[in-house]
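Secondary and tertiary structure notes
The chain contents come next:
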Amino acid sequence: MPIVSAETFAQTSFDYIVVGGGTAGLVVAARLSEDPGVIVGIIEAGEYLPDREDINVPGYFGRTIGSDIDWKFETVPQPGLNGRKILMSRGKVLGGTSAVRFSDTKSSLLYADAWEKLGMSGWNWHEILRYMCKAETTIAPSAEIQEKYSARFNPECHGSSGPLISSYPNYVNDKHTEFLAAVRATGLKENLDPDNGHNVGAWTFGGSIDPRTATRSYAATAYWAPNADRTNLLLVTSAHALKVTFAPSTSAGQNNELCVAQGVQFTAHRDGAILRATAKRAIILSAGAIQTPQLLERSGIGNPAILREYDIECVVDLPGVGENLQDHIYIPMSYEVTADCDTWDDTRDPSKHAELWAHLQQKGKYSHMHSAVAMAGLPILAGSLQRLEEHLASATRKANGSVEDYAKQHALLAVYLGEPGQAQAEIIQAPGFASFASQTEIGKRYHSHINIFLRPFSRGHVHIASSDPHAAPSIDPRYFSHPLDFDLFMDMVRYSRRLMRTDPIAGYFVRHVDPGSDLCDAELEEHVRQQAATLWHPVGTAAMLPREENVVVDQRLRVYGTANLHVVDASVIPIIPACHPQQTIYAIGEKVRDNARIAEHRLNAAALGGRFD
Ligand SMILES: Cc1cc2nc3c(=O)[nH]c(=O)nc-3n(C[C@H](O)[C@H](O)[C@H](O)COP(=O)(O)OP(=O)(O)OC[C@H]3O[C@@H](n4cnc5c(N)ncnc54)[C@H](O)[C@@H]3O)c2cc1C
């Protein structure tokens, strides 16, 4: 079935409606519609743009930020970042944020197991790996690349028949090997099998890129395009979902009755008529960690005090909606390197751009993103035993004294902190200038480190902030609000500087550029507060945990207090994984089909008195 009009969509009687045709939403819709006996509808605010170069060409990563396919949200001023508002990009296009993301890493074993430790049985590393593999087909690197660039490949940790295509770079920059060697010299081991759950070390990493066409593989190419002719899968694009509606008999959620979700209100234009689509079995919210809580609140599910402010009738009292916001923040740090380094800097020179572009394209440089990465635990980052012990004592003290809702999470984080096998930071090598603070000088060569802080203790929130359903929510990640986060972040920054002065990469080092040389501690800290920003990995705002923990969905990803309303996207992740989250999000989508058994709700909901024709 092709993409349909809003009117056709509203007139169709669905079994399932998925709100948000993004990373997880398209997985769920594709898997549910494998059953020809059900009709599945997807409501997506963006358009289907299969020919957009800034999506398809992997080397163009970053160009979509702030563009017409970006929701362009902003956080509220962040005191931990000198009061700056931070741009929170989200993909507004079929495929969602998978259309604009950069690289991929799989999760760590212990971290995924943390979800089970927090009370969600069945959500552990082995399950998540199983579903990550179901989602992907990884094309193994050639024997030459494996040997030359330490890009080993263990087929047991990769899928061979999933729709998402992953591959390894066929081009690495000329200091790739030296970077990995320098990382080893700081005490980290080369990791030849980082996808087996133990992701500390240095390696060559791949991404969701189809090497046959050198184009991005993402939710729209993997889960929509191959299934677009299914007659039982209908998609409406440029349609904004406003709220979920419930069966009248169960509204207000009194007497422990479960509310039965029946439909979704949406508009095809900002000021257009409000249309309504109905679903007999279940409604699945997959609008992402920023907008799923917004839709829940608009539908009357959330903290009654917040709902009252905007005259929204409370259907289910769930104060956890929009809380537990976690994100990765990062800082790019740039170093000038010797003139013989082959970097991407000359492409910034307008007089050389066209010639270089053709040359680099030929070499395959734009067919991939980054290639060398290191993940380090605190024992390496801290740099000294004394500093490590100080951090551990402080984390344990704070975790024990934590009276917040997050005490259990903080206790787990404190334990992981001391373990060398648990990554606290990720450092991606970038062969070129990547900082925000200074201007690049034409003719100079640079190397940058993209330094990502992986295990924040800070927790923030996202809530509606207006009665206008089209208005952006208020996003407050509270970056660095937990003081330990800033201390740990600074260790990562100092490690990056140490790494650049470690042989063999030290042989190419010319000077610190961003941050500059000879900064005292206070100046370096000020630089961080002025330059750190989100890596756009928000999760956790409709978290999956036991109900007594004040959260939102159960382990079948069903919203507490409802019979058939589910959340399937980054919002359900209870504690942010120490890796890029995308593959975990695909896995969550894949697991739902088998484990959450959404389909059973026809019986459950019917028994509860919902109107199902
Ligand atoms: C610039 C950038 C780089 C990134 N790089 C990486 C990376 O390298 N590796 C990695 O793993 N992750 C990366 N991420 C994060 C990753 O892409 C996301 O975590 C992931 O794609 C989120 O998936 P999701 O299904 O939760 O939401 P999304 O994929 O964002 O899907 C939500 C969908 O819902 C739609 N929607 C929202 N509200 C409504 C509404 N009211 N009505 C209708 N439709 C609606 C949206 O348009 C969107 O299509 C990056 C993110 C960004 C922004």
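Residues numbered from 1 in each chain as written. Predicted model: local features only at pLDDT ≥ 70, side-chain atom pairs only at ≥ 80, totals over all residues. Heavy atoms only, no water.

**Things to note about the overall build of the chain**
- A tally of helices and strands in the chain yields 18 helices and 24 strands.
- Here the chain, with 613 residues, has 63% of them falling under the buried criterion.
- At a minimum sequence separation of 6, the contacts of the chain that also span at least 24 residues come to 76%.
- When the accessible area of the chain is evaluated, it comes to approximately 22,000 Å², of which 50% is carbon and sulfur surface. (Helix = DSSP H or I, 4+ residues; strand = E, 2+ residues; numbered from the N terminus. Buried < 20%, exposed > 50% of the residue type's maximum accessible area, 1.4 Å probe, protein only. Contact = heavy atoms within 4.5 Å. Areas by Shrake-Rupley, 256 points an atom, 1.4 Å probe, with all protein chains shown as cover.)

**A short note on the side chain of Arg-445**
- Take Arg-445: it is sitting in strand β19 (residues 445-453).
- Here Arg-445 is in contact with Tyr-335, Glu-336, Val-337, Thr-338, Ala-339, Cys-341, Asp-342, Thr-343, Asp-345 and Asp-346, once residues within four sequence places are set aside.

**Let's talk about the layout of surface pockets**
- Its boundaries defined by the atoms lining it, the second largest pocket holds a volume of some 320 Å³.
- Contributing to the lining of the second largest pocket are 18 residues, with Lys-243, Arg-298, Ser-299, Gly-300 and Ile-312 lying nearest its centre.
- With five residues, the single largest contributor to the lining of the second largest pocket is strand β11 (residues 240-246). (1 Å grid on protein atoms, 1.4 Å probe; cavity = no way out; pocket = protein on both sides within 12 Å on 5 of 7 lines; lining within 4 Å. Points joined across faces, edges and corners; volume = space filled by probe spheres on them.)

**A look at empty space enclosed by the protein**
- If you walk through the whole model with that rule in mind, you get four cavities of 30 Å³ or more.
- Taken as a whole, the second largest cavity encloses approximately 80 Å³ of empty space.
- In terms of lining, the second largest cavity is formed by Leu-325, Gln-326, Asp-327, Ile-329, Phe-453, Pro-456, Ser-458, Pro-477, Tyr-479, Phe-480 and Asp-485.
- The residue inventory of the lining of the second largest cavity, partitioned by class, reads seven nonpolar, two polar and two charged. (Nonpolar A, V, L, I, M, F, W, Y, C, P; charged D, E, K, R; others polar.)

**Focus on the pattern of salt bridges**
- Counted according to the given criterion, the structure contains 17 salt bridges.
- Of the charged contacts, one joins Glu-190 and Arg-184 as a salt bridge, the two residues approaching to 3.4 Å between their closest N and O atoms.
- Connected through salt bridges with shared partners, the residues Arg-31, Glu-34, Lys-134 and Glu-590 form a single ionic network. (Salt bridge = Lys/Arg side-chain N within 4 Å of Asp/Glu carboxyl O.)

**Examining the UniProt feature "domain: Glucose-methanol-choline oxidoreductase N-terminal" (unreviewed entry) in the chain**
- The positions UniProt marks with the feature "domain: Glucose-methanol-choline oxidoreductase N-terminal" (unreviewed entry) are residues 288-302.
- Note that residues 288-302 is 73% helix and 13% strand, and that its end C-alpha atoms are spaced 16 Å apart. (UniProt positions renumbered as here; feature names shortened; annotations may be inferred.)

**Some points on the UniProt feature "binding site: FAD" (unreviewed entry) in the chain**
- When the UniProt feature table is mapped to this numbering, "binding site: FAD" (unreviewed entry) covers Val-93, Thr-97, Trp-536, His-537, Pro-581 and Gln-582.
- Along the chain, Val-93 falls in the loop between β4 (87-88) and α4 (109-117).
- Classification of Val-93 by relative accessible area gives buried; the value is 1%.
- Ignoring any residue separated from it by four or fewer positions in sequence, one finds Val-93 in contact with Gly-21, Glu-44, Gly-46, Glu-47, Leu-49, Ile-55, Ile-69 and Ala-99.

**Looking at the environment of Glu-178**
- Secondary-structure assignment places Glu-178 in helix α7 (residues 176-185).
- Expressed as a C-alpha distance, the spacing of Glu-178 and Pro-504, which sit 326 residues apart in the sequence, is 5.6 Å.
- Residues in contact with Glu-178, not counting those within four places in the same chain, are Pro-504, Ile-505 and Tyr-508.

**Notes on the nonpolar core**
- Counting 169 residues, the largest nonpolar core has Leu-296, Phe-489 and Leu-565 as the members making the most contacts within it.
- No other element matches the 10 residues that helix α15 (residues 483-500) contributes to this core.
- A domain-level breakdown of this core finds at least three residues from each of domain 1 (1-101 + 218-325 + 536-574) and domain 2 (102-217 + 326-458 + 480-531). (Core = buried A, V, L, I, M, F, W, Y, C linked by side-chain atoms within 4.5 Å. Domains from an automatic or database assignment.)

**Describing helix α5 (residues 125-135)**
- Here α5 lies mainly inside the structure; eight of its 11 residues are buried.
- Of the positions making up α5, those classed as buried are Trp-125, Glu-127, Ile-128, Leu-129, Tyr-131, Met-132, Cys-133 and Ala-135.
- With a side-chain oxygen lying 3.2 Å from the backbone nitrogen of His-126, the N-terminal cap of α5 falls on Asn-124. (Polar contact = N/O pair within 3.5 Å; in protein donor to acceptor, adjacent residues only side chain to side chain.)

**Some details on unusual backbone geometry**
- Of note, the amide linkage connecting Asp-503 to Pro-504 takes the cis form, showing an omega dihedral of 5 degrees.
- Residues Asp-514 and Pro-515 are joined by a peptide bond in cis, for which omega reads -5 degrees.
- Residue placement: Pro-515 occurs in the loop between β22 (509-514) and α16 (521-531).
- You will see that Ala-214, though not glycine, has its phi angle at about 55 degrees, which is positive.

**Some words on the packing of α15 against α16**
- The geometry of α15 relative to α16 is characterised by a closest axis approach of 11 Å and an angle of 105 degrees between their N-to-C directions. Judged on the interaxial angle alone, α16 and α15 are roughly perpendicular. Residues Phe-486, Phe-489, Met-490, Val-493, Arg-494 and Arg-497 of α15 touch α16, and the partners they reach there are Asp-521, Leu-524, Glu-525, Val-528 and Arg-529.
- Looking at the contact of α15 with α16 residue by residue, the class counts come to six nonpolar, no polar and five charged. (Axes fitted to C-alpha atoms, helices over the stretch in contact; angles between N-to-C directions. Parallel < 35°, antiparallel > 145°, perpendicular 65-115°, else oblique.)

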